[in-house]
Amino acid sequence: MEKRPFPTHVGIIMDGNGRWAKAHNVPRVMGHNAGMQSMKKIVIASSNLGVKYLTVYAFSTENWKRSTEEVNGIFNLIVKYVNSELEELDENNVHINIFGEYDMLPKASVDAIDKMVGRLHDNDGLVFNIALNYGGRDEILRSVKELARECAEEGRDPSELTEDDISAHLYSGSARFDVPDPDLIIRTSGEERMSNFLTWQAAYSELMFTDTLWPDFTPEEYREMLEAYADRDRRFGGRKEAK
Ligand code: FPP
């Protein structure tokens with residue numbers, strides 16, 4: 001049987017940083033730091049393996065419920081990531097989109113993100129989407145509100161709205177490079193839930209789970225998952241190919 005190609009778009013729920021920290025008897029923030037090292041490797045691996053779009057769940061709208069220390073620790077990591085990785089991301093021709101209302105983050109993080117997004121804007125290699133202060137239902141609601149506004153103010157007929165209209169107003173539809181729906185979504189650490197990640201876009205995604213905690217996830221295991229994906233037969237509810 002002819003092998004299907006690797007996925008074009010991979011989504012990752014990077015779970016298990018807290019348990020990794022507990023297992024190593026270190027503060028949770030150190031688990032997130034280890035998680036960031038893992039993320040760095042997977043970004044470069046994606047680029048090398050020919051994945052065109054990578055979307056990671058870095059901070060959900062629900063993550064604000066965590067301790068101030070942990071939340072601030074994650075935000076500080078973003079600044080650290082930008083400072084240490086910007087050159088290499090640029091050398092690898094990576095383009096970055098942020099999915100989520102990141103302007104609610106502390107100013108230092110917002111400034112670092114704006115600097116990174118601006119510097120990488122013209123790159124056309126891997127499209128790396130970071131879901132930050134992101135929730136899938138919230139993203140759909142934003143899209144619907146925008147369409148409602150267009151109907152009220154621009155005279156669009158609500159009865160003629162299509163699924164494509166909703167898609168076009170999601171973060172993924174309004175990015176510089178129109179981001180296709182994810183082919184594959186991976187969640188680490190043994191949890192098997194979607195947790196409000198790419199809720200609209202994941203309708204036909206293949207799902208894969210691993211017990212590996214995110215900081216222990218390696219490019220080798222990633223590659224094995226992409227190979228396993230290539231062996232799966234996607235039918236899209238009867239249709240053999242995606243549109
Ligand atoms: C899930 O582990 C992980 C997070 C909520 C945060 C992930 C953040 C990073 C990997 C760093 C992001 C960095 C940048 C630059 C965007 P968990 O804390 O839920 O783990 P647990 O389920 O074991 O407690």
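Here's what I pulled together on the structure shown here. These numbers were taken from a predicted model, which means no experiment stands behind them.

Regarding the pattern of salt bridges
So, step 1. Under the counting rule described, the total for this entry stands at 18 salt bridges.
So, step 2. One salt bridge connects Glu146 with Arg149, and the closest N-O pair in it is separated by 2.9 Å. Of this pair, Glu146 and Arg149 both sit in helix H5 (residues 136–154), three residues apart, which is roughly one turn of the helix.
So, step 3. According to the relative accessible area criterion, Arg149 is partly exposed, its value standing at 31%.
So, step 4. Across the pair Glu191 and Arg193 runs a salt bridge, and its minimum N-O distance is 3.0 Å.

Let's talk about the packing of helix H2 (residues 28–49) against helix H8 (residues 219–231)
So, step 1. The N-to-C vectors of H2 and H8 enclose an angle of 45 degrees; their axes lie 10 Å apart at closest approach. By the angle class used here, H2 and H8 are oblique. When you trace H2 past H8, the crossing you get is right-handed. Along its contact with H2, which presents Lys41, Ile42, Ala45, Ser46 and Leu49, the element H8 presents Pro219, Tyr222, Arg223 and Leu226.
So, step 2. For the contact of H2 with H8, a count of residues per class yields six nonpolar, one polar and two charged.

Things to note about the site of the ligand
So, step 1. Close contacts around the ligand come from 17 residues, with Asp15, Gly18, Arg19, Arg28 and Arg66 the closest.
So, step 2. Take Gly16: an N or O atom from its main chain is 3.3 Å from an oxygen atom of the ligand.
So, step 3. Between an oxygen atom of the ligand and a main-chain N or O atom of Gly18, the distance comes to 2.9 Å.
So, step 4. Counting residues per element, the ones that place at least two in the shell around the ligand are helix H1 (17–23), H2 and helix H3 (68–91).
So, step 5. If one sorts the elements of the shell around the ligand by residue count, H2 sits on top with five residues.
So, step 6. Tallied by class, the residues present in the shell around the ligand amount to seven nonpolar, six polar and four charged.

Side note on the side chain of His32
So, step 1. Relative to the assigned elements, His32 resides in helix H2.
So, step 2. Leave out the neighbours within four places in its chain, and His32 touches Asn17, Arg66, Glu70, Ile74 and Leu77.

Some remarks on the sheet that holds strand E2 (residues 53–60)
Whenever strands of a sheet pair, they do so through backbone hydrogen bonds, lying parallel or antiparallel.
So, step 1. With parallel pairing, the six strands of this open sheet are ordered in space as E3-E4-E2-E1-E5-E6. This sheet does not close on itself; its edge strands, each paired only once, are strand E3 (95–99) and strand E6 (206–209). Between one strand and the next, the sheet's axes are offset by a mean angle of 20 degrees, whatever the strand orientation.
So, step 2. The pairing of E3 with strand E4 (residues 127–134) spans five bridges and is classified as parallel. Bridge pairing in E4 links Ile98 to Ile130.

Procedures and definitions
Each chain has its residues counted from 1, running along the sequence as written. For a predicted model such as this one, the threshold for reporting local features is a pLDDT of at least 70, and the threshold for listing and counting side-chain atom pairs is 80 or more; totals across whole chains, interfaces and linings nevertheless cover every residue. The side-chain figures draw on all heavy atoms in the structure; neither hydrogens nor water molecules are used. A carboxyl oxygen of Asp or Glu within 4 Å of a side-chain nitrogen of Lys or Arg is what we treat as a salt bridge. Secondary structure elements are defined from DSSP: runs of H or I of at least 4 residues count as helices, runs of E of at least 2 residues count as strands, and each element is numbered from the N terminus. Burial classes follow relative accessibility: with a 1.4 Å probe on protein chains only, a residue under 20% of its type's maximum area counts as buried, one over 50% as exposed, and anything between as partly exposed. To obtain each axis, a line is fitted to C-alpha atoms, and for helices this fit is confined to the stretch in contact; angles are then taken between N-to-C directions over 0 to 180 degrees. The scheme is simple: roughly parallel for angles under 35 degrees, roughly antiparallel for over 145, roughly perpendicular for 65 to 115, oblique for anything else. By definition, any crossing whose near helix is turned counterclockwise from its far helix by less than a right angle is left-handed, and any crossing with a clockwise turn is right-handed. In this analysis, two residues are considered to be in contact whenever any of their non-hydrogen atoms come within 4.5 Å of each other. In this classification, Asp, Glu, Lys and Arg are treated as charged, Ala, Val, Leu, Ile, Met, Phe, Trp, Tyr, Cys and Pro as nonpolar, and every other residue, Gly included, as polar. Whether a residue is near a molecule or strand depends on its heavy atoms: if one lies within 4 Å, it is near. Identification of polar contacts relies on pairs of N or O atoms within 3.5 Å, with a donor-acceptor requirement for protein atoms, meaning one able to donate a hydrogen and the other able to accept it, and with residues adjacent in sequence counted only if both atoms are side-chain atoms. A strand pair is defined by DSSP finding two or more bridges across the two strands.

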